[in-house]
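Each chain, letter by letter, is given below.
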Amino acid sequence: MSDSDNFVQLQHYFQQGITLRMLEDLPKEDLHRMATFGWQTLSEGHYQQARNIFYVLVYCDHYNGEYLLSLGLCYQKLGDHHAALLAFSQAGTIIVSDPRPPFLAAQSYRAIGLSDWEQQSLEIVLQLAHNQIAWHDLRQQAAEQLHHCHPEN
């Protein structure tokens, strides 16, 4: 098979929504172990190293919302809020009922001075977390932050 045939086949896979993990048959367990190390690294404050780990994980499986959220959080911790917002928006399209992507996006919108977008994101959090016990604390934080978005309150 020629290089051009390989390229055509690869293009075909990606057009079908195939990830590198699927294409190379990478075991999910291996990626999860790498992610666990990334989350530990992130929690220890090694943001650049964690970003590199999650970047590779997203490269391997760009349909994993948890990897995208974690990559976004790394960018956020490093002060690169535009890259964080891109990762959060991609995560939000994959895990659509999860209020964490818009909540984290609101933090980045605030950091770059886009208060209207911050407010919209927090309102989405309240909608997604409504009556869900698992998101009670996040909903409370979002409500409090939304209250501070309104200077007249």
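Preceding block: the structure.
Predicted model only: the values in this text are computed from it and were never measured.

Reading the values: the criteria
- As a convention, each chain's residues are numbered from 1 in the sequence order in which they are written.
- Local features in a predicted model are, by the rule used here, given only for residues with pLDDT of at least 70; side-chain atom pairs are given and counted only at 80 or more, and totals for whole chains, interfaces and linings are based on all residues.
- Processing note: side-chain calculations cover all non-hydrogen atoms of the structure and skip hydrogens and water entirely.
- Helix and strand assignments come from DSSP, with helices taken as H or I runs of at least 4 residues and strands as E runs of at least 2, each series counted from the N terminus.
- Relative accessibility under 20% of the residue-type maximum defines a buried residue, over 50% an exposed one, and the middle range a partly exposed one, all with a 1.4 Å probe and only protein chains included.
- Any pair of residues with heavy atoms lying within 4.5 Å of one another is described as a contacting pair.
- For the area figures, the Shrake-Rupley method with a 1.4 Å probe applies, and any residue is considered shielded solely by the protein chains shown.
- Here, the term nonpolar core denotes a set of buried Ala, Val, Leu, Ile, Met, Phe, Trp, Tyr and Cys residues that are joined through side-chain atoms within 4.5 Å.
- Any helix carries an expected span of 1.5 Å times its number of residues minus one.
- To be clear, the arc concerns the directions from the helix axis to the C-beta atoms.
- Each aromatic pair joins two rings of Phe, Tyr and Trp (for Trp, the six-membered one) with centres within 6.5 Å, and gets the label stacked for planes under 30 degrees apart, edge-to-face for over 60, and tilted for any other angle.

## Here's the deal with the overall build of the chain
Summing up its helical and strand segments, the chain has nine helices and zero strands in all. In sequence order, the secondary structure elements of the chain are arranged as α-α-α-α-α-α-α-α-α. Among the 153 residues that make up the chain, the fraction classed as buried is 36%. Considering only contacts within the chain whose residues lie at least 6 apart along the sequence, 47% involve residues at least 24 apart. Carbon and sulfur atoms provide 53% of the accessible area of the chain, an area that totals close to 9,400 Å².

## Side note on the nonpolar core
Phe54, Leu57, Tyr67, Phe88, Phe103, Leu122 and Ala142 are the most contacted members of the largest nonpolar core, which has 32 residues in total. Looking at this core, the elements with two or more residues in it are helix H3 (28-43), helix H4 (47-60), helix H5 (65-77), helix H6 (81-94), helix H7 (100-111), helix H8 (115-129) and helix H9 (136-149). Discounting residues that sit within four places of it in the chain, Ala142 has contacts with Phe103, Leu122, Val125 and Leu126.

## Some points on H3
With 16 residues, H3 ought to run about 22 Å at 1.5 Å a step, and its terminal C-alpha atoms sit 22 Å apart, in line with that. When we look at burial in H3, the residues that qualify are Leu31, Ala35, Gly38, Thr41 and Leu42. The buried residues of H3 occupy an angular sector of 115° when the element is viewed end-on, so they sit on one face. What points out from H3, more than 90 degrees from its buried face, is the exposed set Glu29, Arg33 and Ser43. Positive phi shows up at Gly45, right after H3, with a value of about 85°.

## Focus: the environment of Gly79
Its location among the elements puts Gly79 in the loop between H5 and H6. Gly79 gets classed as partly exposed once you look at its relative accessible area, which sits at 47%. Along the chain, Gly79 and Ala111 lie 32 residues apart, while their C-alpha atoms are 8.7 Å from each other.

## Side note on the packing of aromatic side chains
Evaluation of the coordinates by the stated rule reveals two aromatic pairs. When the centroid spacing of 5.9 Å and the interplanar angle of 40° are considered together, the rings of Trp39 and Phe54 count as tilted. A residue pair is termed long-range when its members are at least 10 positions apart, and Trp39 in helix H3 and Phe54 in helix H4 qualify at 15 residues. In this structure Trp39 comes out as partly exposed when scored by relative accessible area, which is 29%.

## Observations concerning unusual backbone geometry
Positive phi values are uncommon outside glycine, yet Asn131 reaches one of about 60°. With respect to the secondary-structure elements, Asn131 resides in the loop between H8 and H9.

## Brief notes about H9
The terminal C-alpha atoms of H9, which comprises 14 residues, lie 20 Å apart, in line with the 20 Å expected from a rise of 1.5 Å per residue. All of the buried residues along H9 are Leu138, Ala142, Gln145, Leu146 and Cys149. Along the axis of H9, the buried residues cluster in a sector spanning 105°; they form a single face. Projecting away from the buried face of H9 at angles above 90 degrees are the exposed residues Asp137, Glu144 and His148. On its buried face, H9 sits against H7 and H8.

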